[in-house]
Amino acid sequence: MKKKAPRQMTVNPTLHGKLWGGRFRERTNRLVEAFTSSLAIDRRLYAQDIRGSVAHARTLNRAGVLTRREAATIVEGLNRIRREFDAERFAFMPQDEDIHMAIERRLTELIGPVGGKLHTGRSRNDQVTTDLRLYLRDTLASITEEIVRFQRALVAQARRHVDVIMPGYTHLQRAQPVLFAHHLSAYVDMMERDKGRLRDALTRVNVMPLGSGALAGTNYPIDRVYTARLLGFSSVSENSLDAVSDRDYVVEVVSALAILTMHLSRLSEELVVWSSQEFQFIDLPDSFCTGSSMMPQKKNPDVPELIRGKSGRVYGHLMGVLTVLKGLPLSYNRDLQEDKEALFDVLDTVSASVPLCAELIKGLTVNRAAVARAADSGFLLATELADYLVTKGLPFREAHEVTGRIVRDCVDEVRDLRKMTLSDLRSYSERFEKDVLDAMTLEGAIERKSQIGGTARKRVEARLKVLEKTL
Ligand code: ARG
């Protein structure tokens, strides 16, 4: 075979503009180009990619690999590219297979062959996971802020309705009276834990992979701790193979967010149920509902329904990412490129859902009369009656039995528990005395739940106060 003369170094040094084209004789099949490209997905990483490249250039300069002039030229070029992106003026080229290649290609166009020095001691494998970690840091911070806003909306509605007693449910059957404020505060606590999970995941996201090279590390005397400091990472990865090939932090974030969307879905379900004609506990703002194309009377709670529905796609992505990672040999494999579409869709879904939940909570009105009606009927006080008998010395199991019989007879006679006279009650147990009638009020039932975590008004208000101060 005839030996080819060495290629001339030009702005685009390689075959058909591919930055890795040196080894190739044929141009990439068009189907392959389309199939392997991740640009449509990862272009949103441009700011993080540039941030990482600026830090890498500085690190190369510090290591004596780039002169100060060269590093400055590169940084200047990168800043120019950032401005092109910010102004939506960046022009992608057909050979740009991902955001990293697009930026490096443009850099060389702008500053000439010195741009080709940026990738010294670096691979897209350590670059892409660095970008993703930076992106997650930014996005999780903004999601956390949105969660706080949502929590504030819950607390404000709870405060506004601290006098409202509603039926608490188990099995969606009326169970015991609770404060509406207590019910809303439950979601505040769920969100506290969701934030905690994100914070916790962040400690493992915030690790700097640059310097891992493609898989084995780097030949250049770069100071990785310095790069980490420039980028605000709290530590550097300890194993290059692990650093370029694991996406456990993606799984962690997606799973924390799957739990969050599960919570949002449960709240959404309650909003749907509460706003139904059957419940009529709340009214959702018109501006957050939609009508029917056929039935003129309809006002549908599509927004909470969609939030509920979107939890499904988030769970799906969690399974997707886990399955992509399963069975991958070390280290980098192109499969890993599939992490981003899933992750970004999860981040987008959550970023859209949380503010909508906040708006729904802010905008809902409570139908106090309907809630009071629901709390006033049923046998919400049956447990109080049993507990009353316990105060009179009856073992709880027996008190439960006696009260159960009273309830059964009331149901048969279509009679409210509170319509029972003292002598009616005494026919079930001698232990009933005059003070039983005082025990049988909603207010009393609420106030007696005065231990930490109970629905007693004092407890709920104290908790709201803490939340108002800390959120
Ligand atoms: N676009 C790829 C990804 O998202 C990064 C490129 C690494 N490509 C490679 N052939 N090693 O994972």
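Because the structure is a prediction, the values reported are computed rather than measured.

Chemist: Please explain the pattern of salt bridges as it appears in this structure.
Modeler: Proximity of charged atoms lets side chains of opposite charge pair with each other. Applying the stated criterion across every chain yields a total of 38 salt bridges. Measuring nitrogen to oxygen at the nearest pair gives 2.8 Å for the salt bridge that ties Arg106 to Glu109. Note that Arg106 and Glu109 are positioned in helix H5 (residues 99–111) at a spacing of three residues, about one turn of the helix. The class for Arg106 is buried, based on a relative accessible area of 19%. Overall, Glu109 belongs to the partly exposed group, its relative accessible area being 33%. Residue Arg197 is joined to Asp194 by a salt bridge in which the shortest nitrogen-to-oxygen separation is 3.1 Å. Of this pair, Arg197 and Asp194 are both found in helix H7 (residues 180–205), three residues apart, which corresponds to roughly one turn of the helix. Through salt bridges with shared partners, a single ionic network connects Glu84, Asp96, Arg105, Arg106 and Glu109.

Chemist: How should the packing of helix H6 (residues 124–160) against helix H10 (residues 248–274) be read in this particular structure?
Modeler: Working note: a packed helix pair is described by the angle between its axes plus the distance between those axes. Between H6 and H10, the shortest axis-to-axis distance is 12 Å and the interhelical angle comes to 20°. The orientation of H6 relative to H10 falls into the category roughly parallel. The way H6 lies across H10 gives a crossing that is left-handed. Within the contact between the two elements, H6 uses Thr129, Leu132, Arg133, Leu136, Leu140, Ile143, Ile147 and Phe150 and H10 uses Tyr249, Val250, Val253, Leu257, Leu260, Leu264 and Leu267. Of the residues in the contact of H6 with H10, the class split is 13 nonpolar, one polar and one charged.

Chemist: Where do I start with helix H14 (residues 382–391) in this structure?
Modeler: Quick reminder: α-helices carry 3.6 residues per turn. Residues three or four places apart thus point the same way. Those residues of H14 that fall on the buried side of the exposure criterion are Ala382, Glu384, Leu385, Ala386, Tyr388 and Leu389. Directly beyond the C-terminal end of H14, a positive phi value near 100° is found at Gly393.

Chemist: Quick question: what am I supposed to make of the site of the ligand here?
Modeler: Taken together, Ser38, Asp98, Arg124, Asn125, Val128, Tyr332, Arg334, Gln337 and Lys340 are the residues near the ligand. Here a nitrogen atom of the ligand and a side-chain polar atom of Ser38 are 3.3 Å apart. In this structure, Gln337 approaches the ligand through a side-chain N or O atom, which is 2.8 Å from a nitrogen atom. Here the element with the most residues in the shell around the ligand is H6; it accounts for three residues. Its residues assigned to classes, the shell around the ligand comprises two nonpolar, three polar and four charged.

Chemist: Teacher, can you tell me more about the environment of Tyr135 here?
Modeler: Residue placement: Tyr135 occurs in helix H6. Given the relative accessible area of 12%, Tyr135 is considered buried. Expressed as a C-alpha distance, the spacing of Tyr135 and Asp49, which sit 86 residues apart in the sequence, is 9.1 Å.

Chemist: I'm lost on the nonpolar core in this one. Help?
Modeler: Across soluble globular proteins, nonpolar side chains have a tendency to be buried as a group. One finds Phe150, Leu257, Trp274, Leu343, Leu347, Ile406 and Phe432 to be the most contacted residues of the largest nonpolar core, which totals 120 residues. Here this core takes 14 residues from H10, the largest share from any one element. Apart from the residues lying within four places of it in its own chain, the contact partners of Phe150 are Met191, Leu264, Leu267, Val354, Cys357, Ala358 and Ile361. Core analysis: the next-biggest nonpolar cluster, separate from the first, contains eight residues, Ala55, Leu134, Met208 and Leu210 among them.

Conventions used here
Residue indices follow the written sequence of each chain, beginning from 1 at its first position. It should be noted that, the model being predicted, local features are given only for residues of pLDDT at least 70 and side-chain atom pairs only at 80 or more, the latter also being counted only at that level, while totals for whole chains, interfaces and linings use all residues. Each side-chain value is derived from all of the structure's non-hydrogen atoms; neither hydrogens nor water enter the calculation. The working definition used for a salt bridge is a side-chain nitrogen of Lys or Arg within 4 Å of a carboxyl oxygen of Asp or Glu. Working definition: helices are DSSP H or I runs of at least four residues, strands are E runs of at least two. Numbering for both runs from the N terminus. When accessible area is computed with a 1.4 Å probe and restricted to protein chains, residues below 20% of their type maximum are described as buried, those above 50% as exposed, and intermediate ones as partly exposed. To get an axis, fit a line to the C-alpha atoms, keeping to the stretch in contact for a helix; angles then go from 0 to 180 degrees between the N-to-C directions. Any angle between 65 and 115 degrees counts as roughly perpendicular, while under 35 counts as roughly parallel, over 145 as roughly antiparallel, and the rest as oblique. What makes a crossing left-handed is the near helix being turned counterclockwise from the far one by less than a right angle; a clockwise turn instead makes it right-handed. Contacts are assigned to residue pairs with any non-hydrogen atoms lying within 4.5 Å of each other. Under the scheme applied, nonpolar residues are Ala, Val, Leu, Ile, Met, Phe, Trp, Tyr, Cys and Pro; charged residues are Asp, Glu, Lys and Arg; polar residues are all the others, including Gly. Nearness is defined per residue: one heavy atom within 4 Å of the molecule or strand is enough. The term polar contact refers here to a pair of N or O atoms within 3.5 Å; inside protein, the definition further demands a hydrogen-donor-capable atom paired with an acceptor-capable atom, and it admits residues adjacent in sequence only when both atoms are side-chain atoms. Think of a nonpolar core as a cluster: buried Ala, Val, Leu, Ile, Met, Phe, Trp, Tyr and Cys residues, connected wherever their side-chain atoms sit within 4.5 Å.

Function cannot be read off these values alone, since they describe shape.
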